[in-house]
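In case you want the letters, here they are:
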Amino acid sequence: DLLNQVSAAGDPGIALILKKVGEFIRRVEERRRQGQSWWQAYEASIFSLGLVSGQLESKEASVQCLKFIESAVVPVLLNPHAKLPFVHARAVWCVSQYADKMQMLGQGLLQAVFQGIHKALDRNYNMAVRWCASRALTFVCVSMEGPEVET
């Protein structure tokens, strides 16, 4: 129902979700610093971000989401918590939802995303993380292919 309301509102609805998710992430970070339970809420926030990817209508909304990915998702990709494979898998999944927008990323951030996906393919990670990583890599690579060249 919320997703339908956001769809009807267009980009202003996306902006509202990003604002609320950002506020939520800040509260979750505070809980983590205080040693309280935090990872379920963080995973839910990343999930929310991934869900809105298909609702983005403007470049501005996409850029806002990609900034959020840079600040909240890429750090999880690069430094996953060994005991929290669910958060790691969700971060990789979230990146895959933005595969068609990856060309908008700066070179450094794009490199960090690829590094995080590559890292998640390591056999020492949980199977769910590796599965999400293989799908994310496929989605990102396919979306970044140029026009097909006939031979």
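Residues numbered from 1 in each chain as written. Predicted model: local features only at pLDDT ≥ 70, side-chain atom pairs only at ≥ 80, totals over all residues. Heavy atoms only, no water.

(A) Expanded view of the environment of valine 63. Checked against the element boundaries, valine 63 lands in helix H4 (residues 59-78). Remark: the alpha-carbon pair of valine 63 and lysine 101, spanning 38 residues in sequence, is separated by 8.8 Å. (Helix = DSSP H or I, 4+ residues; strand = E, 2+ residues; numbered from the N terminus.)

(B) A look at the pattern of salt bridges. Going through the model one piece at a time under the given rule, you end up with 4 salt bridges. In this structure, arginine 33 engages glutamate 30 in a salt bridge whose closest nitrogen and oxygen atoms are separated by 3.0 Å. On the criterion of helical spacing, the pair formed by arginine 33 and glutamate 30 is a turn pair, its members being 3 residues apart in helix H2 (residues 11-33). Across the salt bridge formed by glutamate 43 and arginine 90, the nearest N and O atoms sit 3.5 Å from each other. With glutamate 43 in helix H3 (residues 39-51) and arginine 90 in helix H5 (residues 85-97), this residue pair connects regions lying 47 residues apart in the sequence. (Salt bridge = Lys/Arg side-chain N within 4 Å of Asp/Glu carboxyl O.)

(C) Structural context of the packing of H4 against H5. Viewed as axis vectors pointing N to C, H4 and H5 meet at an angle of 120°, and their least axial separation amounts to 9 Å. Taken together, the axis directions place H4 and H5 in an arrangement best described as oblique. Regarding H4 and H5, the two cross each other, and that crossing is left-handed. Here Val73, Val76 and Leu77 of H4 come into contact with H5, specifically with Val87, His88, Ala91, Val92, Cys94 and Val95. Taken together, the residues of the contact of H4 with H5 break down into 8 nonpolar, 1 polar and no charged. (Axes fitted to C-alpha atoms, helices over the stretch in contact; angles between N-to-C directions. Parallel < 35°, antiparallel > 145°, perpendicular 65-115°, else oblique. Left-handed = near helix turned anticlockwise from the far one by under 90°. Contact = heavy atoms within 4.5 Å. Nonpolar A, V, L, I, M, F, W, Y, C, P; charged D, E, K, R; others polar.)

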